[in-house]
Amino acid sequence: MNPSLCQTLNLTYPIIQAPMAGVSTPEMAAAVSNSGALGSISVGASTPQQADIMIRKTRSLTSAPINVNVFCHAPVQRNAQLEQAWITRFQPVFERYDAALPASLSEIYQTFLDNDAMLEVLLANAPAAVSFHFELPSAAFVQRLKSRGIITLASATSLAEAQAIEAADIDFIVAQGIEAGGHRGMFNPADEDQQLSTFTLVQTLRKVSRLPLIAAGGVMDGAGIAAMLKLGVAGVQLGTAFILCPESAANAAYRQALNSEQANSTEIIAAISGRSARCITNDFCHLARGFAQDSIPPYPLAYALGKALAAAAAAKGDHGFGAQWAGQGAALAREMPAAELVKTLVAEWQAA
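What you are looking at is a predicted structure, and each value in this text was computed from that prediction instead of being measured.

A. Geometry of the sheet that holds strand β2 (residues 39-42). Across the sheet, which stays open at both edges, the eight strands sit in the order β1-β9-β8-β6-β5-β4-β3-β2 with parallel pairing between neighbours. Looking along the sheet, the strands with just one partner apiece sit at the ends: β1 (15-17) and β2. Each neighbouring strand pair of the sheet contributes to a mean axis angle of 25 degrees, computed without reference to strand direction. In the sheet, strand β6 (residues 172-176) pairs with strand β8 (residues 213-216) via four bridges, with the strands oriented parallel. The residue of β8 that forms the bridge with Val174 is Ile214. Running at roughly 160 degrees to β2, helix α2 (residues 26-34) makes contact with β1, β2 and β3 (66-71) of the sheet. In this fold helix α10 (residues 222-230) packs onto β1, β8 and β9 (235-238), with an angle of close to 140 degrees to the strand it touches most, β9.

And the structure:
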């Protein structure tokens, strides 16, 4: 096992609980960190003020290292015609639920790129680690974080992205395989997705990258952790495995889907948010299968409508339009407290 993750972040176990914006909570992250692994929260869906509160809450629950994740998506280029066409396309669905059609789309999430206010929040709170998803911040931002002693991580779905991460002087590469739940970390969503499995991506990057790797995607138990560590990674990140923990913010419908036969089917969809993401197959997936990629407004504009539609349907008792992000191993998720899950994962890994 490459011990660099544990040594660098003073962890007992080379396990990271994925940030999962909207699912991970201060309580979950603290429970994981207090168990010797690395707990994570995401402030990608937060304002700087909300992020400050969330980080402080997490720090009040644990003195152990935590990871804070930010979104580095490109600023939105507005296209009024495209956006209006998207809204109009969903009119029959909103009418089905007796809900008003949104008049416009809004940029509901701020990008970390050139976001000085969010950078100041991170510098002031100085979590042990900060991770980047959807591209990379400027070299100046990276160096300011590192000057505070913050360890940096960034997601890569391809060799080219991993090389860019290495060139940016970031400390760890999170190798995100196609099995992973949630949003693909592709730097440019317009590029062709190579769809490499976690196994293949890790092996590919191990050959050429000097940076330590964290395997992410499809790992749900200790046997999976053991298999990835045997490939020489420094750590393993699990997300879907933690969704059923009581500390998670997943709602009842999300939990029910994970506990049902529905969890046996996941697929990648861009229409919910504007970026490709893996979720449990649901009504939104069925509806969007015929949609051309270039008809979908960019992230997070499409997500503004996606959330409005999910809320309208849920108000009528229909939860088939929610963003129930989950990896290919969703059906293997277990319902137990986060600390107990970490203990179980470690026992399984050590027995493997």
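B. Layout of the state of the cysteines. Inspection of the entire model under this criterion finds zero disulfides. Left without a disulfide partner, Cys285 is nearest to the cysteine sulfur of Cys279, which lies 3.5 Å away. Here Cys285 falls in the buried class, since its relative accessible area comes to 2%.

C. Layout of the sheet that holds strand β10 (residues 266-269). The three strands are arranged β7-β11-β10 in an open sheet whose pairing can be described as antiparallel. Each of the sheet's edge strands pairs with one partner strand only, and the pair in question is β7 (182-183) and β10. Two elements, β7 and strand β11 (residues 277-280), share two bridges in a ladder whose sense is antiparallel. Residue Gly182 lies in a different strand from β11, and its bridge partner there is Arg278.

D. Local environment of the nonpolar core. Membership of the largest hydrophobic core comes to 109 residues, with the highest contact counts inside it found for Phe132 and Phe242. If you tally residues by element for this core, the top one is helix α13 (residues 301-315), at seven residues. Filtering out sequence-adjacent residues up to four positions away, Phe132 remains in contact with Asn69, Val70, Cys72, Phe112, Pro137, Val142, Leu145, Thr152, Leu153, Ala154, Ser155 and Ile170. Leu9, Leu153, Phe172 and Ala234 belong to the second largest nonpolar core, which has 14 residues in total.

E. Representation of the pairing of β3. Counting buried residues along β3, six of its six residues qualify, which places the element largely inside the surrounding structure. Neither face of β3 is left uncovered, since the one carrying Ile66, Val68 and Val70 and the one carrying Asn67, Asn69 and Phe71 both have all their residues buried. Taken together, the four bridges between β2 and β3 define a ladder with parallel strand orientation. In the strand pairing of β3, Gly39 is matched with Ile66. Crossover connection from β2 via helix α3 (residues 48-61) to parallel β3: handedness right-handed. Relative to strand β4 (residues 129-133), β3 runs parallel, the two being bridged by five bridges. Within β4, the residue paired with Val68 across the bridge is Val130.

F. The arrangement of the packing of aromatic side chains in detail. A full pass over the atoms with the stated rule returns 16 aromatic pairs. Judged by centre distance (5.3 Å) and plane angle (65 degrees), the rings of Phe112 and Phe141 are edge-to-face. Remark: Phe141 occurs in helix α7 (residues 139-147) and Phe112 occurs in the loop between α5 (91-96) and α6 (116-125); sequence separation between them is 29 residues. Residue Phe112 shares its accessibility class with Phe141, and that shared class is buried.

G. Region of interest: the packing of α2 against α3. Their axes nearest at 9 Å, the elements α2 and α3 cross at an angle of 40 degrees. Helix-helix and strand crossings are classified by hand; for α2 and α3 the assignment is right-handed. Packed against α2, whose contacting residues are Pro26, Glu27, Ala29, Ala30 and Asn34, the element α3 presents Met54, Lys57, Thr58 and Leu61 at the interface. Tallied by class, the residues present in the contact of α2 with α3 amount to five nonpolar, two polar and two charged.

Analysis parameters
- Residues numbered from 1 in each chain as written.
- Predicted model: local features only at pLDDT ≥ 70, side-chain atom pairs only at ≥ 80, totals over all residues.
- Heavy atoms only, no water.
- Pairing = 2+ DSSP bridges.
- Helix = DSSP H or I, 4+ residues; strand = E, 2+ residues; numbered from the N terminus.
- Axes fitted to C-alpha atoms, helices over the stretch in contact; angles between N-to-C directions.
- Contact = heavy atoms within 4.5 Å.
- Disulfide = S-S within 2.5 Å.
- Buried < 20%, exposed > 50% of the residue type's maximum accessible area, 1.4 Å probe, protein only.
- Core = buried A, V, L, I, M, F, W, Y, C linked by side-chain atoms within 4.5 Å.
- Right-handed = clockwise from strand over helix to strand, strands pointing away.
- Phe/Tyr/Trp six-rings, centres within 6.5 Å; stacked < 30°, edge-to-face > 60°.
- Left-handed = near helix turned anticlockwise from the far one by under 90°.
- Nonpolar A, V, L, I, M, F, W, Y, C, P; charged D, E, K, R; others polar.

By themselves, these are just geometric observations and shouldn't be taken as functional.
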